[in-house]
Amino acid sequence: MTTSNNGSGSALAPMDNLTDYELPWVEKYRPKILRDVVGNEETVSRLQVIAHDGNMPNIIIAGSPGIGKTTSILCLANELLGPLQKEAVLELNASDDRGIDVVRNKIKMFAQKKVTLPPNRHKLIILDEADSMTSGAQQALRRTMEIYSSTTRFALACNMSNKIIEPIQSRCAILRYTRLTDLQILKRLTEVCEAEKVKYVPEGLEAVIFSSDGDMRQAINNLQATYSGFGFINAENVFKVCDQPHPIVIHDIITACLKTNVDEALDKIRALWQQGFSSLDIIGTLFKVVKSFEMQEFTKLEYIKEIGLTHMKLLEGCQTLVQINGLIVRLCKQNMDPALFVV
């Protein structure tokens, strides 16, 4: 999710709407043209060529949530069709029923509808979260894509392209989006803060970026939630709103593990548990901090492996303090002398 420059001369301008002040910031500053989409420059540049030349192929955009997949497709539709969007674009998302009956009826009827369009322009069907479509619906869709290819094109957005059946993949150009970098998110957050006159300190924006983990939509939502609750963006307020363990505490736990100080690490974990953080909260933040922690590469890989295995156990239902304590002990053991464990 990204911000917009609607030609007003400023780096960031909200949509022209009398109810803008009532909109969430992620919608208020959503881009309208491809030039304003943040990140994935090479992929977006390919979409810009399509928007300029027309004759759009069927496309699949795959990537993590909140990085601009749907926004890019909507921007592409806006640049291709302009005011004709209302008649020439059908958008279905995961909240709609998209079983085989919808494909056979609603999508097929839209594909058959006659709309007068400029040369090299086609009707567009947007299927958001396409990887959640049933297998039967996808099988029905592939034939529809072929029959009406002369008048209708499809744009599918999904988190995992491998959940789209291969016959549909072979009919589409597949574009992959990656998570946004910290600098890209920081630039947009700064512009939103300036547009909304939000008071902040740099450490506060760093906390927002940390909590978002490359997700622009999450970052802007966390920024708005923190500002609505406290009126000021600093690290303490951000982590209160996001309800995540403070990364400094997690940093201290990892440092204790590297020094094989088991008791200190366990005491800090118990303190987090008593504050009400769940095991998933703790292990999620633990993974984020370990990724950026300065340590030997081999040790970091071993730490990530142990965290991943424990995370799997937690997701299977074993969400107890014992699991987290066991993880901490295993992390400490990585730096201990193996001779200590010889029986």
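Figured I'd write up the structure that's included with this text. Source: prediction; values computed, not measured.

### What about the overall build of the protein chain?
When helices and strands are counted, the protein chain shows 16 helices and five strands. Taking all 343 residues of the protein chain together, 48% fall into the buried category. Long-range contacts, defined as pairs at least 24 residues apart, comprise 74% of the intrachain contacts of the protein chain with a sequence gap of at least 6. Within the structure as shown, the protein chain displays about 17,200 Å² of accessible surface, and the carbon and sulfur contribution to it stands at 52%. The positive charge centre, built from 38 side chains, and the negative charge centre, built from 40, are 7 Å apart in the protein chain.

### So, the packing of aromatic side chains
Tallied over the entire structure, the rule returns two aromatic pairs. The interplanar angle of 35 degrees and the centroid separation of 6.0 Å between the aromatic rings of Trp 25 and Tyr 227 together place this pair among those described as tilted. Residue Trp 25 is located in helix 1 (residues 25-28), and its partner Tyr 227 is located in helix 10 (residues 216-230); the two are separated by 202 residues in the primary sequence. Judged by its relative accessible area of 6%, Trp 25 is buried. Judged by relative accessible area, which is 27%, Tyr 227 ranks as partly exposed. Consider the rings of Phe 210 and Phe 239, whose centres lie 6.1 Å apart with planes at 70 degrees: the pair is edge-to-face. Note that Phe 210 is positioned in helix 9 (residues 202-212) and Phe 239 in helix 11 (residues 235-242), a separation of 29 residues in sequence. Given a relative accessible area of 7%, Phe 239 falls into the buried group. Positioned above the aromatic ring of Phe 110, the side-chain terminus of Lys 123 is 5.7 Å from the ring centre.

### Things to note about the pattern of salt bridges
Per the stated rule, a full pass over the model turns up eleven salt bridges. For Glu 146, the salt bridge goes to Arg 171, with nearest N and O atoms at 2.7 Å. Within this pair, whereas Glu 146 is found in helix 6 (residues 135-147), its partner Arg 171 is found in the loop between helix 7 (166-169) and strand 5 (173-176), the two being separated by 25 residues in sequence. For Glu 146, a relative accessible area of 38% gives the class partly exposed. A salt bridge links Glu 191 to Lys 187; its shortest N-O distance comes to 3.1 Å. Of the two residues, Glu 191 and Lys 187 both sit in helix 8 (residues 182-196), four residues apart, roughly one turn of that helix. Residues joined by salt bridges that share partners form a network here, namely Arg 143, Glu 146 and Arg 171.

### Quick word on the nonpolar core
Formed by 48 residues in total, the largest nonpolar core has its most connected members in Leu 47, Met 56, Leu 76, Leu 124, Leu 189 and Leu 223. The element best represented in this core is helix 3 (residues 69-81), accounting for six residues. Residues in contact with Leu 124, not counting those within four places in the same chain, are Met 56, Ala 77, Leu 81, Ala 88, Val 89, Leu 90, Phe 110, Arg 153, Phe 154 and Ala 155. Leu 272, Val 290, Phe 293 and Ile 328 belong to the second-largest nonpolar core, a separate cluster that totals 25 residues.

### A closer look at the packing of helix 9 against helix 10
Their axes nearest at 8 Å, the elements helix 9 and helix 10 cross at an angle of 135 degrees. Considering their axes alone, helix 9 and helix 10 lie oblique with respect to each other. Relative to helix 10, helix 9 is oriented so that their crossing is right-handed. Only Gln 218, Ala 219, Asn 222 and Leu 223 of helix 10 make contact with helix 9, whose side of the interface consists of Leu 205, Val 208, Ser 211 and Ser 212.

Here is what the cut-offs are and how they apply
Residues numbered from 1 in each chain as written. Predicted model: local features only at pLDDT ≥ 70, side-chain atom pairs only at ≥ 80, totals over all residues. Heavy atoms only, no water. Helix = DSSP H or I, 4+ residues; strand = E, 2+ residues; numbered from the N terminus. Buried < 20%, exposed > 50% of the residue type's maximum accessible area, 1.4 Å probe, protein only. Contact = heavy atoms within 4.5 Å. Areas by Shrake-Rupley, 256 points an atom, 1.4 Å probe, with all protein chains shown as cover. Lys, Arg positive; Asp, Glu negative; His and termini not counted. Charge placed at Lys NZ, Arg CZ, Asp CG, Glu CD. Phe/Tyr/Trp six-rings, centres within 6.5 Å; stacked < 30°, edge-to-face > 60°. Lys NZ or Arg CZ within 6 Å of the ring centre and 35° of its normal. Salt bridge = Lys/Arg side-chain N within 4 Å of Asp/Glu carboxyl O. Core = buried A, V, L, I, M, F, W, Y, C linked by side-chain atoms within 4.5 Å. Axes fitted to C-alpha atoms, helices over the stretch in contact; angles between N-to-C directions. Parallel < 35°, antiparallel > 145°, perpendicular 65-115°, else oblique. Left-handed = near helix turned anticlockwise from the far one by under 90°.

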